[in-house]
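Results of the structural survey
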Amino acid sequence: MKRSIDKIITRCLALTLGMFGLSLSTTALAVDSYRYAHVTIETPWMIFLFLLVIVLLPFIVMAILYWRFAFQKEKPGASDAE
């Protein structure tokens, strides 16, 4: 039983790699034609805005979490009693 599963997995892997290899060969031919390189004046601005959101998002989340938890009343059993 294990050998038949191994054969099926091997065949699926070989088929997947073969299909991936075929797609790479056609993609490599298309890259030479500059079909995928559409760079305009808007491209640097889009990259800048995308990175700006990635950089500022943690600060926005920190502010929201601070406001959410900063104004909650302290629970009665949470104080340090020595």
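Residues numbered from 1 in each chain as written. Predicted model: local features only at pLDDT ≥ 70, side-chain atom pairs only at ≥ 80, totals over all residues. Heavy atoms only, no water.

Brief notes about the packing of aromatic side chains
Selection criterion: Pairing of aromatic side chains here covers Phe, Tyr and the six-membered ring of Trp, requires ring centres within 6.5 Å, and sorts the geometry by plane angle: under 30 degrees stacked, over 60 edge-to-face, intermediate tilted. Helix and strand assignments come from DSSP, with helices taken as H or I runs of at least 4 residues and strands as E runs of at least 2, each series counted from the N terminus.
As enumerated under the stated definition, the model contains one aromatic pair in all. Taking the centre distance of 6.0 Å and the plane angle of 90 degrees together, the rings of Trp45 and Phe48 count as edge-to-face. Here the residue Trp45 and the residue Phe48 both occupy positions in helix H2 (residues 42–70), the gap between them amounting to three residues, near one helical turn.

Considering H2
What counts is decided by this rule: One less than the number of residues in a helix, times 1.5 Å, gives the span that helix is expected to have. One axis fitted to the seven residues ending at a residue, another fitted to the seven starting there: the angle between these axes is the bend at that residue.
Under the 1.5 Å per step criterion, the end-to-end length of H2 is 41 Å for 29 residues, consistent within 8% with the ideal 42 Å. The largest bend along H2 reaches roughly 35 degrees and is located at Leu56, with the proline Pro58 sitting one to four residues downstream.

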